[in-house]
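# Fold and geometry: a report
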Amino acid sequence: MSVGETTITVVGNLASDPELRFTPSGAALVKFSIASTPRSYDKSTNQWQGGTSMFLRCTAWRDLANHIAESLTKGMRVVVTGRLRQHNWKTEQGENRSMLGLEVDDIGPSLRFATAKVERVHRNGNGSGPAIDAWNTAAPAAGGRGTPAPAASGDEPPF
């Protein structure tokens, strides 16, 4: 991240399923849109009123891209933090166009109206492969001087 970047947090619903792609070098990239609609309570009608929806195009990279594609689907309410990016281009008619997008730094399901079960992705030392589970290692043999005592049984941590 650079100095002076505009960082924002957006709460909204996924407007479509995330689209996972890969660059020619093999880096994962996911694109999706978030719809965020402000709501206010109208006391005169005793009803909630929806405002104008804002659609924001989002992009995430590498492991985060894979996790988003595996975990999130259209309609899910999410909380996203990231950096605003302005994209500028010219149409075939020569008109200047621009749009704001969000480069995602972090995302998760909103738990305001839902529950979620989080599953941690484990890695070994080089960033891939199975995790080394410290809770599932064999206890050293008990013995004489300098040899640790056997680990306690049960679910308690070994410390």
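Preceding block: the structure.
Rules used throughout
Residues numbered from 1 in each chain as written. Predicted model: local features only at pLDDT ≥ 70, side-chain atom pairs only at ≥ 80, totals over all residues. Heavy atoms only, no water. Salt bridge = Lys/Arg side-chain N within 4 Å of Asp/Glu carboxyl O. Helix = DSSP H or I, 4+ residues; strand = E, 2+ residues; numbered from the N terminus. Buried < 20%, exposed > 50% of the residue type's maximum accessible area, 1.4 Å probe, protein only.

## Overview of the pattern of salt bridges
Counted under the stated rule, the structure contains eight salt bridges. The partner of Arg83 in a salt bridge is Glu103, with the nearest N and O atoms 3.4 Å apart. In this pair, Arg83 is assigned in strand β7 (residues 77-90) and Glu103 in strand β8 (residues 96-109), connecting sequence segments 20 residues apart. Across the salt bridge formed by Asp105 and Arg83, the nearest N and O atoms sit 2.7 Å from each other. Taken together, the residues Asp105 in strand β8 and Arg83 in strand β7 connect sequence positions 22 residues apart. By relative accessible area, Asp105 is classed as partly exposed at 34%. Classification of Arg83 as buried rests on a relative accessible area of 12%.

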